[in-house]
Amino acid sequence: MNYAAVLAGLPDAVIAVDGELRIVFWNSAAEVLTERSARRAVGKYLKELFPPDASVVRRLAETLATGESRSEPEGAVARGEHRPVPVSIVTAPLFGHDGTVEGAVAVLRDLSRIRQLESEVRRGETLAAAGRMAVGLAHEVRNPLGAIRGAVQLLRRELGPASRLAEYTDVLLTEVDRVNRIIELLLDLARPVQLRPVPLNLHQLLERVALLSEEAARERGITLVRRYDPSLPPILGDEDRLLQVFHNLVRNALDSMTAGGHLTLTTRVSLNPLFGKMDLGAGSRNMVEAQVVDEGTGMPDAVRARIFDPFFTTKARGLGLGLAICHRILEEHRGAIQVESAEGRGTVVTCFLPIAK
Ligand SMILES: Nc1ncnc2c1ncn2[C@@H]1O[C@H](COP(=O)(O)OP(=O)(O)OP(=O)(O)O)[C@@H](O)[C@H]1O
Ligand SMILES: [Mg+2]
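For clarity, every value in this text was computed on a predicted model and none was experimentally measured.

Quick notes on the rules
Going along each chain's sequence as written, the residues are numbered from 1 onward. Key to labels: chains lettered from A, ligands numbered from 1, both in the order written. Where totals are concerned, whole chains, interfaces and linings use all residues; where local detail is concerned, this predicted model gives features only for residues with pLDDT of at least 70, and gives and counts side-chain atom pairs only at 80 or more. Two axes define the bend at a residue: one fitted to the seven residues ending there, one fitted to the seven starting there, and the bend is the angle between them. Numbering of helices and strands runs from the N terminus; a helix is a DSSP stretch of H or I covering at least four residues, while a strand is a stretch of E covering at least two. With C-beta atoms placed from the backbone, a contact is any residue pair whose C-beta atoms sit within 7 Å. Criterion used throughout: strands pair if DSSP finds at least two bridges between them. Angles here are taken between N-to-C directions and fall from 0 to 180 degrees, while the axes themselves are lines fitted to C-alpha atoms, restricted in helices to the stretch in contact. Domain borders in the structure are assigned automatically or taken from a domain database. Polarity classes work like this: nonpolar for Ala, Val, Leu, Ile, Met, Phe, Trp, Tyr, Cys and Pro, charged for Asp, Glu, Lys and Arg, and polar for all others, with Gly in that last group. Residues are counted as near a molecule or strand when the C-beta atom, derived from backbone positions, lies within 6 Å of that molecule or strand.

Enquirer: What is the right way to look at helix H6 (residues 112-159) in this model?
Expert: Along an α-helix, residues three or four apart share an orientation, since each turn contains 3.6 residues. At Arg142, H6 shows its maximal bend, which comes to roughly 25°, and the proline Pro144 appears one to four places after that position. Where H6 is buried, its residues contact helix H7 (166-190) and helix H11 (322-332). Just downstream of H6, Gly160 is the residue with a positive phi angle, here 80°.

Structural data, given as structure tokens:
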């Protein structure tokens, strides 16, 4: 039995050290996880590659000292320049013939995909709960609002067009209509809509959005760039709902680019390991990606964490419903939405949509 080959093929990272915490084995999953080749790792001391307080260093040192296994379900490991990868760590001692501890081995499992899926699910649940509350609230508020609107219209008629007070009744009407619009948006978020998915040409759809945004972009010194994959197959989607998605995303991108720049619309067949194939109930389908890429302000992590919350906004005149609605619509399509942002550099929003077979 070739044990080295078995270990090499494991999806989990396996790192073995001798009694001095010098690396003696580093499988290919460890190379992927740490972005460091075995050639550059084996023979080095663990502390040359990781900070001394890194979970994997601590756990291996403990195992060497005690001869006992250790496990850490919520560890992390640094990866080059990127942010640390969440991992679970299990260590075990390696005994020599005489029964003394000669070394130790650590098995690290990459949890980032699981974490991403978990946060997807949590986000969906928060939105669903917010939606249910919104429906209840909207029904309570809509009737009195209707009554107020009716009364104000009567008042305006009574006062006549010459009245000085007409100015006030106009304000009342505008504001009542604004509240009504917010409620409509909220209901949009909450009510289970009947999608009408048909095969669509995604490029034509994006062009309709681009056409409507061209003027606003020019005014702000923003150039629209298309990076369309000419061989992109038709997608399965609801045209009106998807227009709504891309309008929202393009509007956000424009809002973020206060000093001009490029707004890029990209399409491609997805090779994403997580969202590239989705189960639509009747077997899995391949997905396409549509990206809205801006060179705007980007967002700090604290903002990034809340962008899908209904009513979360950093804009003076924003409602904070745009992305919540996008999320909802993509969920209805059994697709997904992903946002990556670098503060000061820009934001990439990726929508995953099913291919029409
Ligand atoms: N492309 C982007 N660049 C930087 N920040 C963004 C971007 N897109 C969204 N955000 C941040 O996420 C927040 C929420 O966005 P969302 O579209 O849900 O609401 P909004 O744009 O504030 O209001 P509206 O309801 O009018 O869309 C924004 O206020 C902004 O802080
Ligand atoms: Mg918005």
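From this point, things continue past the structure.
Enquirer: What exactly am I supposed to notice about the sheet that holds strand E1 (residues 13-18) here?
Expert: Strand pairing in a sheet takes place through backbone hydrogen bonds and is either antiparallel or parallel in direction. Here we have five strands laid out as an open sheet, ordered E2-E1-E5-E4-E3, and antiparallel in their pairing. Taken across any chain shown, the strands that pair with only one partner, and hence form the sheet edges, are strand E2 (23-26) and strand E3 (70-79). Looking at each pair of strands side by side, their axes are set apart by 30° on average, direction ignored. Two elements, E1 and E2, share three bridges in a ladder whose sense is antiparallel. Pairing of Ala16 across the sheet is with Phe25, part of E2. On the sheet, helix H5 (residues 55-66) packs against E1, E3, strand E4 (82-95) and strand E5 (101-110) and is oriented at approximately 140° with respect to E3.

Enquirer: Is there a simple way to explain the domain arrangement of the chain in this structure?
Expert: How big an interface is tends to be reported as the loss of accessible area on association of its parts. Entries for the chain in the domain assignment read domain 1 (3-110), domain 2 (116-190) and domain 3 (198-354). Taking only C-alpha atoms into account, the centre of domain 2 sits 27 Å from that of domain 3. On the side of domain 3, 12 residues touch domain 2, which itself brings 11 residues to the contact. Elements represented by at least two residues in the side of domain 2 that touches domain 3 include exactly H6 and H7. At seven residues, the largest contribution of residues to the side of domain 2 that touches domain 3 is made by H6. Of the residues in the side of domain 2 that touches domain 3, the class split is five nonpolar, three polar and three charged.

Enquirer: Just checking my understanding: could you explain the site of ligand 1 for this structure?
Expert: In the region of ligand 1, 23 residues are neighbours, and Ser256, Thr313, Gly318, Gly322 and Leu323 sit closest. Only helix H9 (239-256) and H11 provide two or more residues apiece to the shell around ligand 1. Counting residues per element, the shell around ligand 1 draws most heavily on H9, which supplies four residues. Taken together, the residues of the shell around ligand 1 sort by class into nine nonpolar, 12 polar and two charged.

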